Amino acid sequence: MEIIAIMGSPRRGGNCEVLLDEFLRERGKIQEVKTLIPAQMDIGFCRGCRSCESTGHCVLSDDMQGAADLLMGCKGVILSAPVFFYGFPASMKAFIDRMQFLWSRKYFLKKQFEEKKGFLLSVGATRGKRLFEGVKLTTRYFFDSFGCEYSGDAFFRGFDRKGEIAQCGECLQEVRIKATDFFTSIIKLRGAAGERSENT
Ligand SMILES: Cc1cc2nc3c(=O)[nH]c(=O)nc-3n(C[C@H](O)[C@H](O)[C@H](O)COP(=O)(O)O)c2cc1C
């Protein structure tokens, strides 16, 4: 699957889903897109057991193995998630904590991952200057766990009611412009990967 979209809000049809749909509409000829919704997945909490540091695998057996395979095999990831208490909703955070086995493969077991790019969309109800600092930092390290470059973001303050961001033309336009740039960079990445495989 070329693009993995993660809808990180537990509220279906809410602001994050509106933003993600708008972003994905700009994907042009990129056909392969799979959407993951952590709130609807079977995800156990990381136990912090550290087994993955030597094995590169998680002791838990649930939907995260499949999700990790998709993330490792893609070219681009778009995460759209709201701010909950200056961080991510619990289901999204559980998903991220379970990436520890990929982090272990990278940093303990020295596995190389193919190049990929990630984009973060986020919404909060309030307007504080530091509103998105938590989700941005967490996303940087989440993306890094599977070799994904944090390549852009779009943040929207002051939206609380379900789906109300759909009425903000300026917001949707910003999303479309950033999405076009992001998908252009994915197409370039695909070209570069093709050239590399032809030369090896
Ligand atoms: C449990 C919970 C915690 C929240 N915490 C914050 C917060 O710390 N700061 C903020 O600005 N908005 C907060 N919000 C508001 C959401 O970020 C906001 O409603 C957002 O638009 C929800 O996106 P969604 O419609 O995609 O679910 C919180 C909402 C909930 C339900």
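Residues numbered from 1 in each chain as written. Predicted model: local features only at pLDDT ≥ 70, side-chain atom pairs only at ≥ 80, totals over all residues. Heavy atoms only, no water.

(A) Representation of the site of the ligand. Not every one of the 17 residues close to the ligand is listed here, only the nearest: Ser 9, Val 83, Thr 126, Phe 159 and Asp 160. Residue Phe 159 places a main-chain N or O atom 2.7 Å away from an oxygen atom belonging to the ligand. Of all the secondary structure elements, the ones that give two or more residues to the shell around the ligand are helix H1 (15-25) and strand S4 (116-124). Considered class by class, the residues forming the shell around the ligand number ten nonpolar, five polar and two charged. (Near = heavy atom within 4 Å. Polar contact = N/O pair within 3.5 Å; in protein donor to acceptor, adjacent residues only side chain to side chain. Helix = DSSP H or I, 4+ residues; strand = E, 2+ residues; numbered from the N terminus. Nonpolar A, V, L, I, M, F, W, Y, C, P; charged D, E, K, R; others polar.)

(B) Inspection of helix H3 (residues 64-73) at higher detail. For H3, the full list of buried residues reads Met 64, Ala 67, Ala 68, Leu 71 and Met 72. In a view along the axis of H3, the buried residues occupy a sector of 135°, so they form one face of it. (Buried < 20%, exposed > 50% of the residue type's maximum accessible area, 1.4 Å probe, protein only. Arc of directions from axis to C-beta.)

(C) View of the sheet that holds strand S3 (residues 76-82). The five strands lie next to each other as S2-S1-S3-S4-S5, forming an open sheet whose pairing is parallel. Strands with a single pairing partner mark the edges of an open sheet, and in this sheet they are strand S2 (33-36) and strand S5 (148-157). In this sheet, neighbouring strand axes are inclined to one another by 15° on average, regardless of whether the strands run parallel or antiparallel. Direction of pairing for strand S1 (residues 3-7) relative to S2: parallel, over a ladder of four bridges. Paired with Ile 6 across the bridge in S2 is Leu 36. (Pairing = 2+ DSSP bridges. Axes fitted to C-alpha atoms, helices over the stretch in contact; angles between N-to-C directions.)

(D) Broad picture of the side chain of Asn 15. Structurally, Asn 15 is set in helix H1. At 2.9 Å, the side chain of Asn 15 and the backbone nitrogen of Glu 164 are in polar contact. For Asn 15, the residues in contact, after removing those within four places along its chain, are Val 123, Phe 159, Asp 160, Arg 161, Lys 162, Gly 163, Glu 164 and Ile 165. (Contact = heavy atoms within 4.5 Å.)

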